[in-house]
Structures are given as C-alpha cells and as structure tokens.
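# Overview (structure and organization)
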Amino acid sequence: MQGNEDFQGPGGETVLERIERQDETEEKALYSLFLYPHRSLSPQEFHMLMAVILLGSFIAGMVFLFMGAWPVFGFFGLDVLAIYGAFHFNFRAARREDILEIRQDALVVRHLAPDGSEQCRRFQAYWSRVLLEGRSLFVVCRGEREEIGAFLAEAEKTEVKEALTSALQDYRSGRLQSPSPSTSIMS
C-alpha cells in the first residue's frame, strides 16, 4: 500500500502537491465562525453509559430468567439495541455544521450536512446584516436571506448574532481589511 505522498491523483499530481496548490489559490478567511450542535456526551462517555445500561439490563434479564420468565431477557436486549440506535442517530445528526467566513468582499455561508453534502452561499460582506427574527437567525443581503444556526439554542443564536455583527462592522470599518465593495448601492 502506498503512502499519501506517493498517491497519484487524476491530474498526475500527488495528494500533497494538490493540497499545497489549493492553499496557494484559496483566499484566506479574514474571519471564521464554526457553528455546530451541542453534544452532551463525548464518545468515551457514551461507551461508559452503554456499558452501564448493558450491564444493568443483563443483570435484570438474568433475574427474570431465573424466575422462569425467559422471554423478558430478550426484551431487555431489545431495549439496549433501541437505546444504542437512538444515540447513533443523534450522534449522526450532530455532525452537521454551519461555517461562516468573511473572505475578501464576501460573507460565505456553508452548511455541512451529516451525510457530508455541502451547500454554499456567498453574500457581499459590506452589505450583509444579521437578523434574529423570532427563533430564527438569518444573514440578509439585498433582499436575499439565509438561515444559519437552526440547531442552536436561543441564547447561542444571540451570541452568534452579536459576534457576526461585530465582525461585519470590523470589516466595514477596515479593521479586518479595507472595505471595497465590488458593486455600488445602485446595482
């Protein structure tokens, strides 16, 4: 098996060459904000919890087995599988992420889904605003809007609004970069 540095891609370049070329051509973010759902359990804590549930179900199932109610033992096993399945789907859903970046004259909003798919939208950073309407947080620019952080709690949405608004103000004032919108207000 070959190492990554020896792997030839479709263009004949190695993986490392392709990564270096991407770094050179890709514009650097002036500001980045990563939003992801809260996870109450780490993977290690999840394994410990499942071990406790499995042990408890096994002991309770053995008690019923010795009392002669052997079918109950199987139902305790099904309960453990159901709990494991619920956590599996919850962890999968928690892999979603919203990435907000200010790059040159654009505010880039990327939504990463749990299945790995990505949606990307670009707004002019100079004209972008952040609005909190009801329970939804939006990036708004010239009549277009995109919801961000739909999975966040109310307090977290307020924090994100303040942080992104501050970053956009810094961009407009030139503290991130001297603002030079690519279009006028008349376009």
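In this text the structure is predicted, and so the values were computed from the model without any measurement.

## Here's the deal with the pattern of salt bridges
Under the counting rule described, the total for this entry stands at eight salt bridges. Salt-bridge contacts for Arg103 lead to Glu101; the nearest nitrogen and oxygen are separated by 2.8 Å. We note that Arg103, like Glu101, is buried. For the salt bridge of Arg110 with Glu101, the shortest nitrogen-to-oxygen distance reads 4.0 Å. Its relative accessible area of 7% is what places Glu101 among the buried residues. Several salt bridges converge on common partners, so that one network encompasses Glu101, Arg103, Arg110 and Glu118.

## A short note on the sheet that holds strand β5 (residues 129-133)
One key point about sheets: their strands pair by backbone hydrogen bonds, in either a parallel or an antiparallel sense. Taken together, three strands build an open sheet; the order of strands is β5-β6-β7 and the sheet is antiparallel. Each edge of the open sheet carries a strand with a single partner, namely β5 and β7 (144-148). Recorded for the sheet is a direction-independent mean angle of 30° between the axes of neighbouring strands. Where β5 meets strand β6 (residues 136-141), five bridges bridge the pair, whose relative direction is antiparallel. By the bridge assignment for β6, Leu132 is matched with Leu137.

## Overview of the pairing of strand β3 (residues 106-112)
Of all seven residues making up β3, six are buried, and the element is well covered by its neighbours. With seven bridges joining them, strand β2 (residues 97-103) and β3 adopt antiparallel strand pairing. Along β3, the bridge assignment pairs Ile99 with Arg110. Hairpin connection from β2 to β3: two residues lie between these consecutive antiparallel strands, with Gln104 at a positive phi of about 45°. Relative to strand β4 (residues 118-124), β3 runs antiparallel, the two sharing seven bridges. Bridge pairing in β4 links Arg110 to Cys120.

Criteria and cut-off values
Residues numbered from 1 in each chain as written. Predicted model: local features only at pLDDT ≥ 70, side-chain atom pairs only at ≥ 80, totals over all residues. Heavy atoms only, no water. Salt bridge = Lys/Arg side-chain N within 4 Å of Asp/Glu carboxyl O. Buried < 20%, exposed > 50% of the residue type's maximum accessible area, 1.4 Å probe, protein only. Pairing = 2+ DSSP bridges. Helix = DSSP H or I, 4+ residues; strand = E, 2+ residues; numbered from the N terminus. Axes fitted to C-alpha atoms, helices over the stretch in contact; angles between N-to-C directions.

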